[in-house]
Amino acid sequence: MPNIDELKREIIALIDDNYSNWRKAAFYSDPVVVNLMDKLQVKWESNERRGYPIDYATPEELELLHRIAKRYAYMSEDEARSLVFSRQSGETSSSESRDEGSSLSRLLKRLIGK
């Protein structure tokens, strides 16, 4: 099993360094990722924004993010785009029932450049 620093590097390489903004948007709009990143953001802000939010993830949370990142990093751009639009329009499955409208819209505008 990779150590914590390796997991962080791999997550960043799989998602943040991915050439496809659609894959990034699909990953960051995944309901599990949204919930976890919200939690990590709170921890990061309560620690005077030292480092990065991912630095505050537990090993288990990093493993979860890594598994999810691998799924999105290699999916087709068409599938990623479809997921993003379905999540934005509210056509999500019951496992994706969290309301992410405004934050997802901001993310998409930033990633797509509109």
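From a predicted model like this one, the values you see are computed outputs, not experimental measurements.

Novice: Got a sec to walk through the nonpolar core? Specific residues and values, please.
Specialist: Membership of the largest hydrophobic core comes to 22 residues, with the highest contact counts inside it found for Ile15, Phe27, Leu62, Leu65 and Tyr72. Going through the elements one at a time, helix H1 (4-16), helix H2 (21-29), helix H3 (31-46), helix H4 (59-73) and helix H5 (77-88) are the ones with two or more residues in this core. If one sorts the elements of this core by residue count, H4 sits on top with six residues. Excluding anything up to four places from it in sequence, Tyr72 contacts Ile15, Arg23, Ala26, Phe27, Asp30, Leu83 and Arg87.

Novice: I'd like a description of the pattern of salt bridges, backed by residues and values.
Specialist: Applying the stated rule across the entire model yields seven salt bridges. Between Lys39 and Glu61 there is a salt bridge, with its nearest N and O atoms 2.5 Å apart. One end of the pair, Lys39, is in helix H3; the other, Glu61, is in helix H4, with 22 residues separating them in the sequence. Judged by its relative accessible area of 41%, Lys39 is partly exposed. In this structure Glu61 comes out as buried when scored by relative accessible area, which is 9%. Note that Asp78 and Arg81 form a salt bridge whose closest N and O atoms lie 2.3 Å from each other. Of this pair, Asp78 and Arg81 both sit in helix H5, separated by three residues, roughly a single helical turn. Overall, the relative accessible area of 54% leaves Asp78 in the exposed class.

The rules behind these values
- Residues numbered from 1 in each chain as written.
- Predicted model: local features only at pLDDT ≥ 70, side-chain atom pairs only at ≥ 80, totals over all residues.
- Heavy atoms only, no water.
- Core = buried A, V, L, I, M, F, W, Y, C linked by side-chain atoms within 4.5 Å.
- Buried < 20%, exposed > 50% of the residue type's maximum accessible area, 1.4 Å probe, protein only.
- Helix = DSSP H or I, 4+ residues; strand = E, 2+ residues; numbered from the N terminus.
- Contact = heavy atoms within 4.5 Å.
- Salt bridge = Lys/Arg side-chain N within 4 Å of Asp/Glu carboxyl O.

By themselves, these are just geometric observations and shouldn't be taken as functional.
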